[in-house]
Amino acid sequence: MAATLSAVIQHWPDFIIIIVLLLFNAVVGFWQEHQASNAVEALKKQLALKAHVKRDGKWAEIDSAVLVPGDVIRLRLGEIIPADIKLYEGDYLSVDQSALTGESLPVNKKAGDIGYSGSVVKQGEMVALVVATGVNTFFGKTAKLVSTAKSISHFQKAVLTIGDYLIYISVGLAVVLVFAMLLRGADFLRLIQFALILIIAAIPVAMPAVLSVTMAIGAMVLARMKAIVTRLESIEEMAGMDILCSDKTGTLTQNKLTLGEPVLFQIKDSQELIAAGALASKAENQDAIDLAVIAGLKDSEILNNYTQLKFVPFDPIRKRTEAEIKEQGKDSSFRVTKGAPQVIIKICNLQGDLVSQINGKVDELAKQGYRTLGVAKTDSKGTWQFLGLLPLFDPPREDSAEMIKRAKEHGIKVKMVTGDNIAIAEQISSRLGLGTQIHMADEFFGGVSEKTAISDDMAVRVESADGFAQVFPQHKFKIVKALQRLGHIVGMTGDGVNDAPALKQANTGIAVSGATDAARAAAALVLTAPGLSVIIRAVEEARKIFERMSSYAIYRITETIRIMFFVTLAMVVFNFYPITAVMIILLALLNDLPIMTIAYDNTWLDPNPVRWDMRRVLTVATVLGLLGVVETFGLLVIVKLFFKLDNLQIQSVIYLKLAVAGHLTLLVARSKHSFLSRPYPAKVLLFAILGTQIVAAMIVGFGILVTPIPWSYIGYIWAYCIVWIFIEDWAKQQVYHHLKLSAKHHRRFLSRLKERIHPYGM
C-alpha cells in the first residue's frame, strides 16, 4: 500500500526503498524460518524412533523410517509399533491402539493378528512381520484425512499480547497524527503514505520469527547438553519450572545394580536362588535388573543346562517377570518368577509368620538402601514356592547431592518419586538432602479414581511432601495435577509406557535416558544421558534463552513507543516531518541487523523460575520508550533553538539520534542490572551494533539518501546519546526494583491467605 502510494505521487526514491525494505524483510524472514526449521529437523532426527530388526540372520537396531515390508521385527514393552505388522512368534501382546481406533482398553493380540503403526505395546513381547510402512499404513492413511487442533502456548499468548499492544499504540497514534495534520491542510496522499510507512516500521512483524530462531538455536545448544527439546515452546515452560518430580533410579542413582547377600527361605543354597532368578531373566533384553542377577552367578554356564520356553517380561502392572523352563534330560517343565516381594508373596499364597519374616527382612534391607526381589519356583505339582530374596543396591550418583543443592539455589524444589518401598526412599532421600517427609502414594491417592478431582487440601499435602514411595504410573499423573492446581510449573521424569500420561500432563515432561518410545513421544524434553545434572543444566540454558526473548520484546516495544510518540508529538507541536519516510525505512533496516544476532547473546542467569510477566515487560518497555521520547524531543528543541540548521538537516540529526539511541537501548534492555555489569554482550551482537552505528554515521556524514550534517554534530549526537543511556539505565533499575518489591508484597499476601485457608499444612 505504501509502495503504491509512493508510485502514485511519484516519490520514486521512497518507492525504491520501500520495495527494498519489503524484500529485505522477506529475505530475513525466510532465513530465520529456514534456520529454525533446520534446527527442529536436526532435533527430530535425534528423536527418530528405532526398531529391532532381523536382517541377514542378525538382530540390529535401525531407524524405523528405513523399515520395508518383509522385515522381521521384535516388539517389546513400551515400544511404539513402527509399521503395520503381522504377529507370528511369541505368547501375546497387549497393545494400546486407542489413538487409532478409539478403543479405551488395551487389546490382546496373538500370533496371526495384525498390529497397527502408532500403537503402543503395553505388555508382552513378540516377533512380527512388517506388512506396510509410511503412508500405506492404517495410521498413514488416516493422517491424510484429519488435522489436529493445537492449544495456544504461553509463548504464543505473549507474542499476541505484545503484538496487540503495539498495534493499538501505532494505529491510535497514526490516526491522531493524520487528523491533526489534515486540519492544518497537509497533503492527504503524502500524509497517508508517511503514516503507513510509520506503522509498518513500528509494528514488529518479524518478532515471532526472531523469537522462534532464538528458541531454535537454544534448542541446539540443549541438544549438545544431551537434552533434546521435542517442541520449541517447551523451553519457556522449562525456564519457569519450580518443582521437579524426579525418578530415583538412573536419575538420582547410578542405575548400576549390584547383587547383595541373598536371603534364603525355601531353598538351601545362595547360588541356586540366584540361578532361579537368572532363569527368570533374559540377557538379550539388556534390562539392568536381569543383568545384575545374572552377573551374581559364579558360573553362568549353568544356564546352558536349561531352555527358556517362554518369557514374560516385567511390566509396571504385574511388577514381575516369569519364564517357563525345561531342564535338559527331563520331559517336564517348571516356571520361575522374580519381582516385587509383595507380588511374589501373593502368588505363593503365603500367610502368617512367614509373611512377617519376609516383610521384616525386606524392611531391614531397605533401611540399608537395598531394594529386594522375591524369587519363586513351581514344584512338581505346579504350586509356587517362595525361594528367597535377592537384595540389589543402586548407589546415588556422585553429583546428585550437589545438583539437588544447585536446583534449590535456582528456586526448584526436587521431589523424589520412586516405586521402591518407603524405607529405601527415606534412606536415599536423607543421603541426598531431599528431606524426610516421604510418603506412600496411596496415603494421598488410595481412594482416588482417574476422574476424581483433586481437592485443595490434597494438593497442599502433596506440595508439602518431600517425596513419594511405592508409586505407580497413575500416581504420577495425580501428583502433577495436584501441584498444578496450586499454580506450580511442574517437571516430571519418566521412562515407561505408563508414564506417558503424567509426562504429557506435566508442564515439562522429561523422558530420561533409555526411556521407551511412548515416553519419549509424550515428553517435552528427552534426555540422552543419565543424571539430574543434565536436567539442571537444561533449566539454566532455558532461562538464558528466555532472558534473550524477554530482552528483545522489551527493546522492540521500547522502539515502537519511542518512534511513534515522538513523531506524532513533533508533527503536532512543530508542524513538520521530523524524519522522512526514507529515514524510517533506513531505521527499520539497521535495527533488524543487530536483532538477528540476539539469539547468540550472553545473558544473566535468573536464580528463580521465570515466566512471561506482561506487566513487567510492558512497564519496563513503556518507561524506557517514554524516556526516549523526552530524550529525542529534547534534542529537537535544542537543535531548533540553538543550532542554525534547516529542516532537512534537522531531519538528519533526528534520524542519527534515533539510530544511535535505539541500539544503545538494546544494551540497556538486555539486562535487569547495570548495562556495564557482567555478562557483557556477545562479540557478534556488539560488532553488529557498532557496525550499524558506523553505517548510520556515514549515511548522515556523507549525505547518502539524506541531507549531510557536519561530522562535529555527529560527535555531539553520540555524546548526547551516551549521557542519556546512563539515565535510561538508572530508570530501568528503579522500575525493576519497584516491581520486585511489589511482587514480594503480593507473595506475602498470598502466603498469609494460604495459611488462613490451610492452617495445618501437612
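Note that the structure is predicted; figures quoted are calculated from it, not measured. (Residues numbered from 1 in each chain as written. Predicted model: local features only at pLDDT ≥ 70, side-chain atom pairs only at ≥ 80, totals over all residues. Heavy atoms only, no water.)

1. A short note on the sheet that holds strand β22 (residues 490-494)
Taken in spatial order, the eight strands make up an open sheet running β10-β24-β23-β22-β11-β19-β21-β20, and their pairing is mixed. On the outer flanks of this sheet lie β10 (227-229) and β20 (438-440), each paired with one strand and no other. Taking each pair of neighbouring strands and ignoring which way they run, the sheet shows an average axis angle of 20 degrees. Bridging between strand β19 (residues 413-417) and strand β21 (residues 467-469) involves two bridges; their strand directions are parallel. Paired with V417 across the bridge in β21 is F468. Contacts between helix α15 (residues 422-432) and the sheet are confined to β19, β20 and β21, with β20 contributing the most and set at about 165 degrees to the helix. (Pairing = 2+ DSSP bridges. Helix = DSSP H or I, 4+ residues; strand = E, 2+ residues; numbered from the N terminus. Axes fitted to C-alpha atoms, helices over the stretch in contact; angles between N-to-C directions. Contact = heavy atoms within 4.5 Å.)

2. Section: the packing of aromatic side chains
For the structure on display, the rule yields ten aromatic pairs. Ring centres of Y306 and F334 lie 6.3 Å apart, and the angle between their planes is 90 degrees; this geometry places the pair in the edge-to-face category. A residue pair is termed long-range when its members are at least 10 positions apart, and Y306 in strand β14 (residues 306-312) and F334 in strand β16 (residues 333-339) qualify at 28 residues. Judged by relative accessible area, Y306 falls into the partly exposed class, the value being 24%. Residue F334 is classed as buried on the basis of its relative accessible area, which comes to 13%. Through a chain of ring-to-ring contacts, the aromatic side chains of F643, Y713 and Y716 assemble into a single cluster. Positioned above the aromatic ring of W59, the side-chain terminus of R74 is 4.1 Å from the ring centre. (Phe/Tyr/Trp six-rings, centres within 6.5 Å; stacked < 30°, edge-to-face > 60°. Buried < 20%, exposed > 50% of the residue type's maximum accessible area, 1.4 Å probe, protein only. Lys NZ or Arg CZ within 6 Å of the ring centre and 35° of its normal.)

3. Structural notes on the pattern of salt bridges
Applying the stated criterion across every chain yields a total of 23 salt bridges. Between E322 and R320 there is a salt bridge whose closest N-O contact spans 2.7 Å. A relative accessible area of 11% places E322 in the buried class. The partner of E540 in a salt bridge is R406, and the shortest N-O contact between them spans 2.9 Å. (Salt bridge = Lys/Arg side-chain N within 4 Å of Asp/Glu carboxyl O.)

4. Observations regarding the nonpolar core
One finds F194, I579 and Y655 to be the most contacted residues of the largest nonpolar core, which totals 132 residues. Apart from residues lying up to four places away in sequence, I579 is in contact with F194, V567, I584, L587, Q651, I654, Y655 and L658. Counting residues in hydrophobic clusters, the runner-up holds 30 residues, among them F445, F468, A511 and V526. (Core = buried A, V, L, I, M, F, W, Y, C linked by side-chain atoms within 4.5 Å.)

5. A look at a nonpolar patch on the surface
On the surface, I694, M698, F702, I704, L705 and W711 cluster together into a nonpolar patch covering about 640 Å² of accessible area. Locating I694 in the fold gives a position in helix α25 (residues 683-702). (Patch = residues over 30% accessible without salt bridge, like charges linked within 9 Å, V, L, I, M, F, W, Y side chains within 5 Å. Areas by Shrake-Rupley, 256 points an atom, 1.4 Å probe, with all protein chains shown as cover.)

6. Side note on the sheet that holds strand β8 (residues 120-124)
Here we have three strands laid out as an open sheet, ordered β6-β5-β8, and antiparallel in their pairing. Since the sheet does not close on itself, it has two edges, and those belong to β6 (107-109) and β8, each with one partner. Pairwise comparison of adjacent strand axes, ignoring direction, gives a mean angle of 35 degrees for this sheet.

7. Brief notes about the confidence of the model for the chain
Of all residues in the chain, 85% attain a pLDDT of 70 or more, and the chain-wide mean is 82. Below pLDDT 50 for its whole length, residues 142-151 participates in two contacts with residues either more than four positions away or in separate chains. (pLDDT = per-residue confidence, 0-100.)

8. Quick look at unusual backbone geometry
At the junction of R678 and P679, the peptide bond is cis and its omega measures out at 0 degrees in the coordinates. Secondary-structure assignment places P679 in the loop between α24 (647-669) and α25. Not every positive phi belongs to a glycine, and D56 is a case in point at roughly 55 degrees. Secondary-structure assignment places D56 in the loop between β1 (50-55) and β2 (58-63). In this model, N575 sits at a positive phi of 55 degrees, which is unusual for a non-glycine residue. Secondary-structure assignment places N575 in the loop between α21 (532-574) and α22 (581-595). What makes N575 partly exposed here is its relative accessible area of 43%.

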